[in-house]
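The chain contents come next:
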Amino acid sequence: MAIDFSALVERANAALEAPEQHSIIGARDGQSPRFDVYHAPFSVCSHKVRAVLVEKQIPFTSHDIRMNLVAHDAPCPDNYKPGYVRLRLQAAAGGALVHGFTGQSSVASEGLDPCVVPTLADREKEQVVVDSAKICTYLDQETDGTPLIPADLADAIAAQIALIDEAPHVGILYGASPSGDQRPERVAAGLSGVHDRKIKHLQALIAAHSDAPDLIAAYTAKIAKEKSAKSFIQEADTMVDAHARMKDHVIALDNQLKTHDGPWAMGEAYTMADIMWSVSLFRLKWIGLGRLWEDGDSAPRVNAYTARAFSRPAFQKSVINWPKSTPPSKHIEDTAPYAQALHETWRAIAARKAS
Ligand SMILES: N[C@@H](CCC(=O)N[C@@H](CS)C(=O)NCC(=O)O)C(=O)O
């Protein structure tokens, strides 16, 4: 039986109960956007998608997913609700569901997690797209405006996107570094015991939907991932390794910046690689790992790059200043100096072009 795409989307939307969770962004009066975007303010994967939407000024219907990770007595996360999970399962297309946890969140390494954000529903093509890297690429291809992935740089940009996808962002958020926990205190405290809370919600959902094999498969896969994630953050060795990988990650960008004189990852043009790097580096700074470049010696080019990247107006709007996107962190100071750095970059580019 053919699936009624709008009904599928409406069922996912109905699961998000508060009216303020739904809003239309950037559309002309009365126009219904083509894209429905399910995202969470604080989620690093959602940051990537929002940064593309705002950078390219793509209108969208925003669905604010409440992940309820931090509060100890929080209700069931929206991203576990049947309507939303069934929307994501459309994109699974028989591929492997999530089967473990390596600290990163890439579908290539972990399989598809049916219970996470972000998700994109394209009402025009009646297609659901999951995985932030795929969503960002899809949005770029399907919309007008200066491409973030120009054809001549596509392979090089894909390599940068893969590098960022492989960075263990999730691992270092959920777990403490054995050499000292620098994470913002309130978030670190709120995340303690998070895996057990997630598993409890998922078990309750299995019990409530015992007649739905698709949901049982989805929730069972998610429980396996969360059990594996719990062990990951409890092991000192894996956490030490995750932090070492982040150091290499920053150095990889420094090496990339060394290959040219331009201000951005690929040279003169701001591309998808910059969206991804900006999100990744801002999260590292927020979490207390800005020292990987801020000492001025370890990754000097990254140090200058972050000043430009964090001051990009679309990045500020979609990530830094998006409501509830950046919980207080002792590692984030006033962002005003970034604006000055960007201004200087624009001036330098204009001067190079003129000469
Ligand atoms: N590969 C996926 C990973 C998505 C993912 O791990 N999302 C996290 C937030 S960044 C999430 O929704 N976590 C909630 C949970 O696991 O309960 C992507 O890039 O979209």
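Scroll up to find the structure this text is about.
Parameters and conventions
Residues numbered from 1 in each chain as written. Predicted model: local features only at pLDDT ≥ 70, side-chain atom pairs only at ≥ 80, totals over all residues. Heavy atoms only, no water. Buried < 20%, exposed > 50% of the residue type's maximum accessible area, 1.4 Å probe, protein only. Helix = DSSP H or I, 4+ residues; strand = E, 2+ residues; numbered from the N terminus. Pairing = 2+ DSSP bridges. Core = buried A, V, L, I, M, F, W, Y, C linked by side-chain atoms within 4.5 Å. Contact = heavy atoms within 4.5 Å. Axes fitted to C-alpha atoms, helices over the stretch in contact; angles between N-to-C directions. Polar contact = N/O pair within 3.5 Å; in protein donor to acceptor, adjacent residues only side chain to side chain. Near = heavy atom within 4 Å. Nonpolar A, V, L, I, M, F, W, Y, C, P; charged D, E, K, R; others polar.

Novice: How should I be thinking about the pairing of strand 3 (residues 60-64) in this particular structure?
Specialist: Within a regular strand, the side chains alternate between the two sheet faces. With four of its five residues buried, strand 3 lies for the most part within the structure. Across four bridges, strand 1 (residues 22-25) lies against strand 3 in antiparallel orientation. Among the inter-strand pairings, Ile25 is bridged to a residue of strand 3, identified as Phe60. Both strand 2 (residues 35-39) and strand 3 contribute to a ladder of five bridges, which runs parallel.

Novice: Hey, could you run me through the nonpolar core in this one?
Specialist: A general feature of soluble globular proteins is that nonpolar side chains tend to end up buried together. If you look at the biggest cluster of nonpolar residues, it comprises 87 residues, and the most contacted ones within it are Tyr38, Leu139, Met272, Leu281 and Tyr305. Among the elements that make up this core, the one with the highest residue count is helix 12 (residues 272-287) (11 residues). Other than its neighbours up to four places away in sequence, Met272 contacts Val52, Cys136, Thr137, Asp140, Leu148, Ile149, Ile157 and Ile161. In terms of nonpolar packing, the next biggest core, distinct from the first, is built from 11 residues, Val85, Leu205, Ala212 and Tyr219 among them.

Novice: Please explain the sheet that holds strand 1 as it appears in this structure.
Specialist: Within a beta sheet, neighbouring strands are joined by backbone hydrogen bonds and run either parallel or antiparallel to one another. With mixed pairing, the five strands of this open sheet are ordered in space as 1-3-2-4-5. Edge positions in the sheet fall to strand 1 and strand 5 (127-130), since each of these pairs with one other strand and no more. Between one strand axis and the next, the sheet turns by 20° as a mean value, whatever way the strands run. When strand 4 (residues 119-122) meets strand 5, the two strands line up antiparallel, connected through four bridges. Within strand 5, the residue paired with Leu120 across the bridge is Val129.

Novice: I would appreciate a short explanation of the side chain of Thr143 in the present structure.
Specialist: Within the secondary structure, Thr143 sits in the loop between helix 5 (132-142) and helix 6 (154-165). A polar contact of 3.2 Å, which involves the side chain of Thr143, links it to the side chain of Lys56. When sequence neighbours within four positions are dropped, the list of residues in contact with Thr143 reads Phe35, Lys56 and Ile58.

Novice: Got a minute to help me understand the site of the ligand in this structure?
Specialist: Close to the ligand lie 16 residues, the nearest being Ser105, Val117, Asp131, Ser132 and Lys222. Residue Asn79 places a side-chain N or O atom 3.5 Å away from an oxygen atom belonging to the ligand. Separating an oxygen atom of the ligand from a side-chain N or O atom of Ser132 is a distance of 2.6 Å. The set of elements that each furnish at least two residues to the shell around the ligand consists of helix 2 (44-55) and helix 10 (213-234). The residue makeup of the shell around the ligand, split by class, is eight nonpolar, four polar and four charged.

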